[in-house]
Amino acid sequence: MEAGCDEAGRGCLAGSVYAAAVILPPDFHNEDLNDSKQLSEKKRYALRPVIEREAIAWAVGIVTPEEIDKINILKASFLAMHRAIDGLKVKPEHLLIDGNRFTPYPDIKHTTVVKGDGKYLSIAAASILAKTYRDDYMDSLDLEYPAYHWKENKGYPTKVHREAIRECGITPYHRKTFTLLPEQLELKF
């Protein structure tokens, strides 16, 4: 019984980091299931209820910007995965982790898989859940802070997002330990 785990929102300037853990049946098959970054938004949202309905178990874990600032984004990503694993109604015997590093989860062996969301269906399913739940969250924050255009950029460091930080300052959802506005280097002659 393996659970695939992946996160979303690690490289963002704002918002929580989300992770999901998914245990799929051994005979699960879906032609459309792939790394969430390779799928259109419409396809990701179409797959979410399929995954939720057909998975043996699934859960989402969240780590807030305040927690990210205290422990750093890498540890926060692993903590979000641990919280997702904590939420599974069935305990997996093994974990498949997208990436090349992971903080071991107590009493469950794991394997890290670089680009695992394109290699294992359970990781791809976790990728889709983490991404869609985080996108929903960022869309809701966009209603509160429309100047940052989070509905479009989801908190990633786009030019529009950085301009909004420059003009409006930061929000309670920004990660204060991140470089929100990089300094411009000037050449002096």
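Use the structure listed above.
In this text the structure is predicted, and so the values were computed from the model without any measurement.

J.: Looking at this model, I keep getting lost on the pairing of strand E2 (residues 17–23). Mind explaining?
T.: Both faces of the sheet carry side chains from a regular strand, because those side chains alternate between them. Within E2, 7 of the 7 residues are buried, leaving the element largely enclosed by the surrounding structure. Neither face of E2 is exposed, since Val17, Ala19, Ala21 and Ile23 on one face and Tyr18, Ala20 and Val22 on the opposite face are all buried. The pairing of strand E1 (residues 2–8) with E2 spans 5 bridges and is antiparallel. For cysteine 5, the partnering residue across the bridge sits in E2 and is alanine 21. Where E2 and strand E3 (residues 57–63) come together, 7 bridges link them in antiparallel fashion. Each residue of the ladder has a partner; that of valine 17, found in E3, is valine 63.

J.: I would appreciate a short explanation of the state of the cysteines in the present structure.
T.: Here a disulfide denotes one covalent bond, and it connects the sulfur atoms of two cysteines. Taken as a whole, this structure holds 0 disulfides when the rule is applied. Lacking any disulfide linkage, cysteine 5 is separated from the closest cysteine sulfur, that of cysteine 12, by 19 Å. We note that cysteine 12 lacks a disulfide partner, and the nearest cysteine sulfur, in cysteine 168, lies 19 Å from it. Look at cysteine 12 and you get buried, because its relative accessible area is 0%.

J.: Is there a simple way to explain the nonpolar core in this structure?
T.: Side chains of nonpolar character tend, in soluble globular proteins, to be buried together. If you look at the biggest cluster of nonpolar residues, it comprises 24 residues, and the most contacted ones within it are Cys5, Val17, Ile85, Leu88, Leu95 and Phe102. Looking at this core, the elements that each hand over two or more residues are E1, E2, E3, helix H3 (73–86) and strand E4 (94–98). Here this core gets 8 residues from one element, more than from any other, and that element is H3. Excluding anything up to four places from it in sequence, phenylalanine 102 contacts Phe78, Met81, His82, Ile85, Leu95, Ile97, His110 and Thr112. Residues Val22, Leu33, Leu39 and Ala126 belong to the second largest nonpolar core, which totals 16 residues.

J.: Would you explain the sheet that holds E3 in this entry?
T.: The strands making up a sheet associate through hydrogen bonds between their backbones, and the pairing can be parallel or antiparallel. Overall, mixed pairing links the 5 strands, which are arranged E3-E2-E1-E4-E5 in an open sheet. Edge positions in the open sheet fall to E3 and strand E5 (109–113), since each of these has one partner strand only. Adjacent strand axes in the sheet meet at a mean angle of 20° when their direction is disregarded. Bridge count between E4 and E5: 5 bridges; the pairing is parallel. Within the sheet, the bridge partner assigned to isoleucine 97 lies in E5 and is threonine 112.

J.: Whenever I open this one, the packing of aromatic side chains confuses me. Can you help?
T.: What describes a pair of aromatic rings is the distance from one ring centre to the other and the angle between the planes of the rings. In this structure the tally under the stated criterion is 8 aromatic pairs. Look at tyrosine 18 and tyrosine 137: their rings are 5.3 Å apart centre to centre, the planes differ by 35°, and that puts the pair in the tilted class. Here tyrosine 18 is found in strand E2, whereas its partner tyrosine 137 is found in helix H4 (residues 121–144), with 119 residues between them in sequence. Each ring, one from phenylalanine 78 and one from phenylalanine 102, has its centre 5.8 Å from the other, and the planes form 75°; the classification is edge-to-face. With phenylalanine 78 in helix H3 and phenylalanine 102 in the loop between E4 and E5, this pair connects stretches of sequence that are 24 residues apart. Residue class for phenylalanine 78 comes out buried when judged on its relative accessible area of 7%. Assessed through its relative accessible area of 10%, phenylalanine 102 is described here as buried. Among the aromatic residues, those joined into a cluster by ring pairs are Tyr145, Tyr148, Trp150 and Tyr173. Just above the ring of tyrosine 133 sits the side chain of arginine 48; from NZ or CZ to the centre is 4.0 Å.

Each value, and the rule that gives it
- Residues numbered from 1 in each chain as written.
- Predicted model: local features only at pLDDT ≥ 70, side-chain atom pairs only at ≥ 80, totals over all residues.
- Heavy atoms only, no water.
- Buried < 20%, exposed > 50% of the residue type's maximum accessible area, 1.4 Å probe, protein only.
- Helix = DSSP H or I, 4+ residues; strand = E, 2+ residues; numbered from the N terminus.
- Pairing = 2+ DSSP bridges.
- Disulfide = S-S within 2.5 Å.
- Core = buried A, V, L, I, M, F, W, Y, C linked by side-chain atoms within 4.5 Å.
- Contact = heavy atoms within 4.5 Å.
- Axes fitted to C-alpha atoms, helices over the stretch in contact; angles between N-to-C directions.
- Phe/Tyr/Trp six-rings, centres within 6.5 Å; stacked < 30°, edge-to-face > 60°.
- Lys NZ or Arg CZ within 6 Å of the ring centre and 35° of its normal.

In short, shape yes, function no, at least from these values alone.
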